[in-house]
Amino acid sequence: MSSIDQVPKSLLPKLDDFRTKLPALQGSVDYCPKAWFLGPKAENTELFMTLITKAINGHLQSRMNFHKEDSPIFEDSYKKDPVYIKASKDMAHKVEQVINFLKHSLPYSSFRYQGHMTSDVTIASVVGTMATVLYNPNNVTVQASPVTTFIEMAVSNDLARMVGWEFPETMPKFSNRHDKKAFEDENIIPCFHLTCGGTVSNIEGFWASYWTKFIPLALKAAIAKEADLAAAKDVTVKIANGTVKKLSEVTSWEGCNIKTDDNVKLPYDVAELCNIDPQKVTFLLKKYHPSVIGNRKFFTDNNLKDPLMFASGAAHYSIPKAAALLGLGSGALISVQVDAHARIDMVDLKKRLEDCAANQIPVIHCVAVNGTTEESAVDDFDGMVLLRNEMSKKGLSYNLVADCAWGGYFSSIIKDDYEIENPKNDILYPTRTTQPPQSYSNDLNEADSELFASKYFAKQLKALKHFDTITIDPHKAGYVHYESASIGYRNKRFRDILVYTATYIGGSSVPSVGIYGIQGSKAGSTAVSVYLSHSIMRTSKSGYGMVLKRCLLSTRLFYLRLLWLCSGSDQFKVVGVPIEPSQATLDGLKSRLYDASGVMKSVDTICQDDQLVKDLAEVGPDQNIVCFGINFKDANGNWNNDYNKYVDLNNKVYERFDFIKEVGMTEFDLIFSNTAFNDQYGQVFQKDLSKRFGLTTNIPAFGTNTYQLPVLRSTVMDVFTNETTTGSFFDVSMPLFKSEVAKIVTTFVNSTKAAKPSH
């Protein structure tokens with residue numbers, strides 16, 4: 001049966017409505033952020049209010065027009081009822097209290113906020129939520145979301161294309177499951193679905209990776225014991241090194257080292273041999289799978305050592321949380337040290353994997369991070385793909401998991417604009433796309449967004465398509481409000497074993513985005529918010545690529561301005577966590593960025609020089625979070641080398657720029673976040689950072705868990721930062737930052753000088 005044949009007949013009109021009234025996500029308009037964002041001063045109030053009013057009125061009209069013959073429940077005089085008057089006044093008063101209290105929220109839309117990875121959101125995403133939330137659709141099942149399920153499917157295809165996963169050239173309609181299997185054996189089909197947050201997405205990625213890992217061994221036991229599977233007794237598999245063997249003859253070690261695509265294809269092979277539905281095969285194999293019998297019994301029955309997973313020491317806290325929730329313990333997640341760039345140390349990773357191969361320790365997966373939440377560092381995705389190929393030859397197979405919760409949308413800067421050949425059928429029959437010709441010129445609006453990424457970063461984005469699972473948060477670099485996240489599978493069969501469902505929800509034979517994840521119920525309004533945001537700002541170079549290339553450029557300029565903030569006569573200096581380029585490189589960039597009068601050139605002028613854009617892309621962090629610390633000269637004019645004094649000063653600087661009102665301040669003038677680097681990062685990063693910060697005394701010993709080097713953390717997300725009506729906002733924030741830090745340093749040095757030495 002084809003996908004469209006699986007849609008309940010009652011829902012076909014809704015599908016037809018979607019395909020005719022909401023075409024597939026493709027195409028774009030001219031870049032126009034002034035139409036897309038409300039603005040730090042609510043400059044776009046008129047458009048915003050018009051659209052919000054339309055959204056609410058649309059819902060109100062739908063209520064009034066639904067079966068007009070039905071009687072209302074409110075009497076004509078209900079507004080005169082004293083109880084009603086009292087209740088409505090009570091609600092109005094409490095709403096006003098909440099509204100006034102919310103005014104104390106963080107001013108994410110302001111240029112003065114440069115803290116966490118959040119910023120102004122698109123008008124479209126807010127309107128999408130407001131237009132949908134009163135309908136309250138539940139995307140757990142198409143029965144409860146006959147409209148928003150199809151919208152989420154459109155968003156899912158859009159995300160898959162953004163990261164480089166390709167659909168088949170054609171998606172035929174199948175008359176039977178045998179033809180469908182043959183097609184999907186030859187054509188890997190990707191998929192995404194939305195979740196409520198990056199942590200949930202990462203946990204699901206771990207869950208899926210773990211459970212697919214042991215499908216072959218569970219199926220081996222099922223074939224031996226289940227009469228319905230007896231016909232598959234001679235089914236063969238290809239183990240990691242390429243050798244083909246009967247599944248019944250593979251060892252436990254070989255059975256847990258079969259490549260991902262072969263793992264998830266195996267139940268379909270067995271179903272074909274036994275002439276039964278693949279869902280039944282999955283149901284039967286689960287009886288012998290850790291998902292049913294538990295970890296201890298499964299590993300004991302198969303005489304396997306406890307499996308491991310690997311991620312960098314800079315990975316998000318949800319990563320060890322995911323390992324713990326699997327029941328394997330967070331200790332099963334091995335923290336690999338990072339290099340001086342805060343990226344996973346590939347030498348350390350390779351050594352650990354070789355040890356696993358030599359000692360027959362199963363490896364479930366390795367995690368690569370596309371944008372660490374502390375430093376926006378990007379792991380070596382390309383290197384991890386090559387390393388997996390190398391380890392396969394040694395008999396070790398594992399999945400590759402990409403945590404792109406923060407950095408996923410940066411794939412748009414290398415994604416060419418595209419056209420869908422048959423947009424009306426794209427939801428159920430997504431196919432490859434065509435790229436119209438592109439012409440670029442030397443102007444900020446026209447410059448190819450790929451120029452703004454470092455060569456290293458662009459290379460990793462292109463390798464992303466080889467990963468098995470990818471998590472992406474629209475509520476971060478997608479400029480959609482919370483809670484909006486997603487997880488994708490390079491091979492949609494990967495999620496089969498995750499299915500838990502109920503009769504009222506429907507099984508996997510019905511098109512759904514709700515039966516595979518952790519959540520169960522989930523808001524259909526999220527899908528609409530992402531859909532509308534994507535529809536006006538495409539997930540390719542002409543849309544999000546245009547916004548994020550500006551963020552990358554602004555990040556480089558912010559980073560360089562920090563390094564150039566002080567001169568030799570100042571009592572302090574800014575040291576960046578990203579490794580600084582040579583002095584010659586810095587001097588060269590400075591001469592090209594500033595005009596003869598000492599004023600930094602406009603971004604439009606900068607972008608007229610392609611080579612300058614490329615050179616800027618090679619400095620600073622991988623993405624758009626900048627971490628930096630402050631060191632100072634003591635009363636004798638010598639640079640501080642004491643770890644403890646550095647820590648004390650930087651904590652005081654953070655207190656000044658935290659979201660806490662200082663005495664005498666009438667408003668928050670500049671807001672940063674902070675973080676601290678600990679032993680989890682490893683000695684390579686720790687020693688390099690201490691050295692570059694000039695710290696040599698009182699440094700805690702490595703491994704004692706007392707090393708906590710604080711730094712300020714700034715996320716550069718506002719597309720308008722360098723394009724205000726009066727120029728770059730950095731011209732305002734940098735002098736303010738320098739002046740305030742100078743006061744803190746002077747007070748700190750004087751207090752240190754006056755303090756009596758302790759004995």
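From a predicted model like this one, the values you see are computed outputs, not experimental measurements. (Residues numbered from 1 in each chain as written. Predicted model: local features only at pLDDT ≥ 70, side-chain atom pairs only at ≥ 80, totals over all residues. Heavy atoms only, no water.)

Undergrad: Whenever I open this one, the overall build of the protein confuses me. Can you help?
TA: When its secondary structure is counted, the protein shows 26 helices and 16 strands. Taking 27 Å as the expected radius of gyration for a compact globule of 759 residues, we find that the protein reaches 28 Å, a close match to that expectation. Taken along the three principal axes of its C-alpha coordinates, the protein extends 85 × 80 × 60 Å. Residues counted as buried form 54% of the 759 residues belonging to the protein. Residue pairs at least 24 apart in sequence account for 77% of intrachain contacts in the protein once pairs closer than 6 positions are excluded. Of the accessible surface of the protein, which amounts to about 33,200 Å², a share of 53% is contributed by carbon and sulfur atoms. (Helix = DSSP H or I, 4+ residues; strand = E, 2+ residues; numbered from the N terminus. Rg over C-alpha atoms; globule rule 2.2 N^0.38 Å. Buried < 20%, exposed > 50% of the residue type's maximum accessible area, 1.4 Å probe, protein only. Contact = heavy atoms within 4.5 Å. Areas by Shrake-Rupley, 256 points an atom, 1.4 Å probe, with all protein chains shown as cover.)

Undergrad: I would appreciate a short explanation of the UniProt feature "modified residue: N6-(pyridoxal phosphate)lysine" (unreviewed entry) in the protein in the present structure.
TA: Feature annotation in UniProt places "modified residue: N6-(pyridoxal phosphate)lysine" (unreviewed entry) on Lys476, given in this structure's numbering. Along the chain, Lys476 turns up in the loop between β11 (469–472) and β12 (485–489). Take Lys476: its relative accessible area is 14%, and that puts it in the buried class. Reaching out from Lys476, the side chain makes a polar contact with the side chain of Asp473 at a distance of 2.4 Å. (UniProt positions renumbered as here; feature names shortened; annotations may be inferred. Polar contact = N/O pair within 3.5 Å; in protein donor to acceptor, adjacent residues only side chain to side chain.)

Undergrad: Before we go on, may I ask you to explain the packing of aromatic side chains in this structure?
TA: Any pair of aromatic rings gets described here by the distance separating the centres and the angle formed by the planes. In the structure shown here, the tally under the stated rule is 30 aromatic pairs. Taking the centre distance of 5.1 Å and the plane angle of 85° together, the rings of Tyr78 and Tyr84 count as edge-to-face. An angle of 80° between the planes, with centres 5.2 Å apart, marks the rings of Phe677 and Tyr681 as edge-to-face. This pair shows no difference in class: Phe677 is buried, exactly as Tyr681 is. An aromatic cluster of at least three residues, connected via ring pairs, comprises Phe558, Phe628, Phe657, Phe672, Phe730 and Phe737. (Phe/Tyr/Trp six-rings, centres within 6.5 Å; stacked < 30°, edge-to-face > 60°.)

Undergrad: Where do I start with the sheet that holds strand β14 (residues 625–632) in this structure?
TA: Strand pairing within a sheet occurs via backbone hydrogen bonds; the two strands may be parallel or antiparallel. Pairing is mixed across the open sheet formed by 5 strands, whose spatial order is β1-β15-β16-β14-β13. Edge strands, defined here as strands with exactly one partner in the open sheet, are β1 (113–114) and β13 (572–576). Summarising the sheet, β13 and β14 pair through 5 bridges and their orientation is antiparallel. Opposite Lys573, over in β14, you have Asn631 as the bridge partner. Helix α20 (residues 544–563) rests against β1, β13, β14, β15 (671–677) and β16 (709–715) of the sheet, and its axis sits at about 5° to β14. (Pairing = 2+ DSSP bridges. Axes fitted to C-alpha atoms, helices over the stretch in contact; angles between N-to-C directions.)

Undergrad: Looking at this model, I keep getting lost on empty space enclosed by the protein. Mind explaining?
TA: Any space left empty among the atoms is revealed by the rolling of a water-sized probe across them. Counted under the stated rule, the structure contains 8 cavities of 30 Å³ or more. If you add up the space inside the largest cavity, you get close to 100 Å³. Lining of the largest cavity is provided by 13 residues; of these, Tyr113, Gln114, Thr715, Met717 and Asp718 occupy positions nearest its centre. Here the residues of the lining of the largest cavity sort into 6 nonpolar, 6 polar and 1 charged. (1 Å grid on protein atoms, 1.4 Å probe; cavity = no way out; pocket = protein on both sides within 12 Å on 5 of 7 lines; lining within 4 Å. Points joined across faces, edges and corners; volume = space filled by probe spheres on them. Nonpolar A, V, L, I, M, F, W, Y, C, P; charged D, E, K, R; others polar.)

Undergrad: Before we go on, may I ask you to explain helix α9 (residues 215–225) in this structure?
TA: Given 3.6 residues per helical turn, the α-helix brings residues three or four places apart onto the same face. Restricting attention to buried positions, one finds in α9 the residues Ile215, Pro216, Leu217, Ala218, Leu219, Ala222 and Ile223. Taken together, the buried residues of α9 touch α8 (198–213), α10 (252–255), α11 (260–274), α12 (278–285) and α14 (295–301).

Undergrad: When you look at the environment of Glu43 in this model, what are you seeing that I'm missing?
TA: Relative to the helices and strands, Glu43 resides in the loop between α2 (33–36) and α3 (45–65). Considered as a pair, Glu43 and Asp570 are 527 residues apart in the sequence and their alpha carbons are 39 Å apart. A polar contact of 3.0 Å, which involves the side chain of Glu43, links it to the backbone nitrogen of Lys41.

Undergrad: What's the story with the confidence of the model for the protein in this structure? I'm lost.
TA: Low pLDDT marks regions whose predicted coordinates should not be analysed in detail. The share of residues in the protein with pLDDT of 70 or more is 93%, and the mean pLDDT across the chain is 88. Contacts for the low-pLDDT stretch residues 1–5, under 50 throughout, to residues beyond four places or in other chains number 17 contacts. (pLDDT = per-residue confidence, 0-100.)

Undergrad: Would you mind going over the side chain of Glu740 with me for this structure?
TA: The topology assignment puts Glu740 in helix α26 (residues 730–754). Note on Glu740: relative accessible area 14%, which makes it buried. Contacts of Glu740, omitting those with residues within four sequence positions, involve Arg656 and Phe657.

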